[in-house]
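Descriptive structure summary
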Amino acid sequence: MSMKLPCVAVHGWAFHTPLGSDPERVLGRLLAGERAAASCPLFDAQSHPCVLAAAIPQPPQPSRRRKFLGRMGLYAVEVGIAALEHARQRVPQLAMLPSVRLGLFFGYGGLRAPWDELMLAMAEQAADLSLSWERGLRQLHPFFMLQQLSNNAHALCAEEVRAQGEGVTLAGPSAGAQALASASAALAAGAVDAALCVAYDSLIAPEVLIEQGLRGSLTRARTAAELRAPYDREAAGAVPGEAAAALLLMSDAAAEPLAWLQAADGAQAMRQVRSAAQVIDGAAQAVVAADREELQALGAGTRLTATLGSFGQVGAAAPLVQTIAVATALRRGELPPIAGLAADRAVCEAAVTAATRTSARAALCLSVGGAVAVEIGGASHV
Amino acid sequence: MSAVITGVGVVSAFGVGAAPFFAGLRAGASAVGPIRHFDASSLPVQVAGEVPLKDADLHPSRDRKVMFAALAAQEAWADAGCGEAERSAALHLGLGLELGLLDDLTELLDAQGRLDFARDRDEPRVRLRTPVDLSAREIKKQLGLRGGTVVNVSACSAAALAIAEAAASIARGDADVVLCGGADSMVNPLGLGGLERLGAPSPRGAADACRPFDRRRDGLVVGEGAALFVLESAERARGRGARVYGQLLGWGSSQDGYRVTAPRPDGSAAARAMRQALRRAGVAPAAVGYINAHGTGTVQGDPAEAAAIRLVFGEAADALPVSSIKGAVGHLMAAAGAIELAACLLAFTDDILPGTAHHQELDPGCPLRVLGAPQRARIDVALSNSFGFGGQNACLAIGRAS
């Protein structure tokens, strides 16, 4: 791993993905070459440029938090709590950790318009906005603003896990990788002893399907059977997905870690974390030019897989989702294939097109928003 | 490696530019008044710290946050004398993430109230998701910046945390120059309407509605604007002969982990952020000469902050000058920490501590030395507090240029 970036140990994890929430079972579906894409289940998208989506199948658990949070925020708090609990089971010392030494680092893509509620407030508005209060704004729920607030999931999660150490909420497509990098920096500086990092995002919203569908970055396939896989010579756009994922990070191996990681965001990310990765989990943009450009990161003997081809594009949540999926695969010694990709259609020979046994211990997870180097076992950084 | 401030840009209710902002604070004036840029007559609250934009300031993007961010960035960049050598600068912004403006929404809804737009447009122009990327993209395009972008959305502490991370990146040697700060606007029907439904603004609707630490305080006044700064290493600034406004000595952050809708009343978590900032700065509490408080003028927030200050400073808080500029410009939400850092610089450039507009009678529940009017004083270290919704706390320690 890179000498400059902090390397941190992963001691707990949890996620909600379109392929499920149990990492081992999700890996089983990845190994079977499954794709979560289906006709958009969250709203009628048949008139939109992109009609397929990969949604989290189960609704959020019933919770008092529902009055403050939208669906994705609820998932985010759930995985945050679950990842901390997972880590506490593995690292007994965490039970003794003072709450002031637990940091909380959130990243998400951005707000999506809450159409159902907005319609009530907007339907009768005049073009000049006169009498806007009487014409509908007074119908907004008293918690409307809390539900739209940028750090509401962070705040709820902090309350639930009693995190009182450092914390930030970041937004944008790179926010998941940036939250990981920020948490790693706080651990390296000794500002916290444990960092709970949570990322969530959903691209399954009407405005996203329209905007990105028109730009050509999302698939226009009408059925899952028509989909072209990423790294296909005729790849034609990704499937919008959604996910929430959380990692509990510490700077040292208080117990045997699930994995080690280094994270970086932005255009330089790949170069910063590039290491002796034996596997690359690609960004799977399914746009031929972007796919080919990315393959320049491949070194001799590096295998290429693409879990995001199965999950769908999960935005800012991708680096954390990939970390869990890829580390689980490395720990089991099996590489999942790029779902739906036939060997004779792949843009490179390194592409994994069938589940494969592997002894690889290090992988590089790439996404639109950043890069994460993942290593299992005795990490080469020490 | 310490980070110093070499460029400042401000957009506030006093006008576009740092000069009117500093002049307003020097004079102890308030710029809060009736909302003018849209018809707010039907809203329960009709006053705000509204930015008086002129036609020349208007930007093709109608989003006020984007306009403010771009204007403040241009001023800070020019003020620091930045040019080609600085174009690799990173951008760290603290932004609010409310939905688009109401007029954007109405534009996008058809008569049946169905989302059914853009499919036939040649170029989709959908601005509903968030203006996060718009502000950053606009600034980078205008200034030709090539560095990375980090957008912090930690509510009212967003800008302070963005500035803290910018300073940290310089201290770590990861960056030479960073443009950082915050921009926000909720002065639109949806923003004000949503806040009103939440019960956050003062119900009085008068220009003096926000009265931080006052016995009669009853809520905040919404403001809007931006403040951006050029931060660079002290060595670099010295090497190019740049004017230095002040140093970012330290920063701290913490979380209440308490309740979503209320601050931790004993102020203990906020106090930790302040102590951490002092520790990072290597400064004893006795060296602090002024605190720019978060001071929202809310019933619960001000006593909690007063408790935090007293936890850190003990009886010395009796003599320590504290003020809040939110009575003068309103609460800039995500940008609050940025404009309040700018206010602190007045202490170093002019030896003036800003006052607390509309503060008249100290609430005994806020036992602090609150400055009503601006005060002349020479100090070497100031703290700026930003305590966000849900208990995200940030504190910046700023020092006089050495």
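In this convention, every chain numbers its residues from 1, walking through the sequence in written order. Chains carry letters from A onward and ligands carry numbers from 1 onward, assigned in written order. It should be noted that, the model being predicted, local features are given only for residues of pLDDT at least 70 and side-chain atom pairs only at 80 or more, the latter also being counted only at that level, while totals for whole chains, interfaces and linings use all residues. Calculation of side-chain values draws on the structure's entire complement of heavy atoms; hydrogens and water are dropped beforehand.

Let us now look at the overall build of chain A. A run of H or I in DSSP counts as a helix once it spans at least four residues, and a run of E counts as a strand once it spans at least two, with each numbered from the N terminus. Helix and strand counts for chain A come out as 11 helices and 14 strands. With C-alpha atoms as the basis for the radius of gyration, the globule rule is written as 2.2 Å multiplied by the number of residues raised to the power 0.38. Taking 2.2 N^0.38 as the reference for a compact globule, 382 residues should give roughly 21 Å; the C-alpha atoms of chain A span a radius of gyration of 21 Å, in line with that estimate. Along the first, second and third principal axes, the C-alpha atoms of chain A reach 65 × 55 × 35 Å. Per-residue accessibility, obtained with a 1.4 Å probe over protein chains only, is compared with the maximum for each type, and a residue is labelled buried under 20%, exposed over 50%, and partly exposed between these values. Here chain A holds 382 residues, and 65% of them are scored as buried. Within chain A, counting contacts between residues at least 6 apart in sequence, those at least 24 apart form 78% of the total. In summary, the charge assignment counts Lys and Arg as positive and Asp and Glu as negative, without counting His or the chain termini. In plain terms, the charge of a residue is placed at NZ if it is Lys, CZ if Arg, CG if Asp and CD if Glu. Once the 30 positive and 33 negative side-chain charges of chain A are each reduced to a mean point, those two points are 2 Å apart. Residues are treated as being in contact if the distance between any of their heavy atoms lies within 4.5 Å.

Glancing now at empty space enclosed by the protein. Residues and elements named next belong to chain A. Only protein atoms enter the 1 Å grid, on which a cavity is a set of points fitting a 1.4 Å probe that cannot get out and a pocket is an open set with protein on both sides within 12 Å along at least 5 of 7 lines, lining residues being those with an atom within 4 Å of a point. Grid points are joined across faces, edges and corners, and a volume is the space filled by probe spheres set on the points. Enumeration over the complete set of coordinates arrives at 5 cavities of 30 Å³ or more. For the largest cavity, the lining is made up of 14 residues, of which Pro230, Ala238, Val239, Leu308 and Gly309 are closest to its centre. Looking at side-chain class alone, the lining of the largest cavity contains 8 nonpolar, 4 polar and 2 charged residues. Put simply, Ala, Val, Leu, Ile, Met, Phe, Trp, Tyr, Cys and Pro go in the nonpolar bin, Asp, Glu, Lys and Arg in the charged bin, and everything else, Gly too, in the polar bin.

On to the pattern of salt bridges, then. Within this document, salt bridges are pairs made up of a side-chain nitrogen of Lys or Arg and a carboxyl oxygen of Asp or Glu, the two lying within 4 Å of each other. With the rule as written, the count across this model stands at 33 salt bridges over all chains. As a salt-bridge pair, arginine 280 of chain B and glutamate 166 of chain A come within 3.1 Å of each other at their nearest N and O atoms. With arginine 280 of chain B in helix α8 (residues 268-281) and glutamate 166 of chain A in the loop between α5 (152-161) and β5 (167-171), this residue pair bridges two chains. A relative accessible area of 33% places arginine 280 of chain B in the partly exposed class. Among the ionic pairs, arginine 400 of chain B bridges to aspartate 380 of chain B, the shortest N-O distance being 3.3 Å. Remark: aspartate 380 of chain B occurs in the loop between β14 (375-376) and β15 (381-388) and arginine 400 of chain B occurs in the segment after β16 (392-399); sequence separation between them is 20 residues. Here the salt bridges share partners, and the residues they tie into one network are Arg64, Arg65, Glu159 and Glu160 of chain A.

Moving on to the pairing of strand β13 (residues 362-367) of chain A. All names here are of chain A. For β13, the buried fraction is high: 6 of the 6 residues fall into the buried class. Where burial is concerned, the two faces of β13 agree: the one with Ala362, Leu364 and Leu366 and the one with Ala363, Cys365 and Ser367 are both buried. The criterion for strand pairing is that DSSP finds at least two bridges linking the strands in question. Sheet topology note: the β13/strand β14 (residues 370-375) ladder contains 6 bridges and is antiparallel. Counted as the bridge partner of serine 367 is glycine 370 from β14.

Residues and elements named next belong to chain A. For strand β7 (residues 242-250), the tally of buried residues reaches 9 of 9 residues, placing the bulk of the element in the interior. Side chains Glu242, Ala244, Ala246, Leu248 and Met250 project from β7 onto one buried face, and the interleaved Ala243, Ala245, Leu247 and Leu249 project onto a second face that is buried too. Sheet topology note: the strand β1 (residues 8-16)/β7 ladder contains 7 bridges and is antiparallel. When the bridges of β7 are listed, valine 10 appears paired with leucine 249. As paired strands, strand β6 (residues 194-202) and β7 are joined by 9 bridges and run antiparallel to one another. Directly across from alanine 199, in β7, lies its bridge partner alanine 245.

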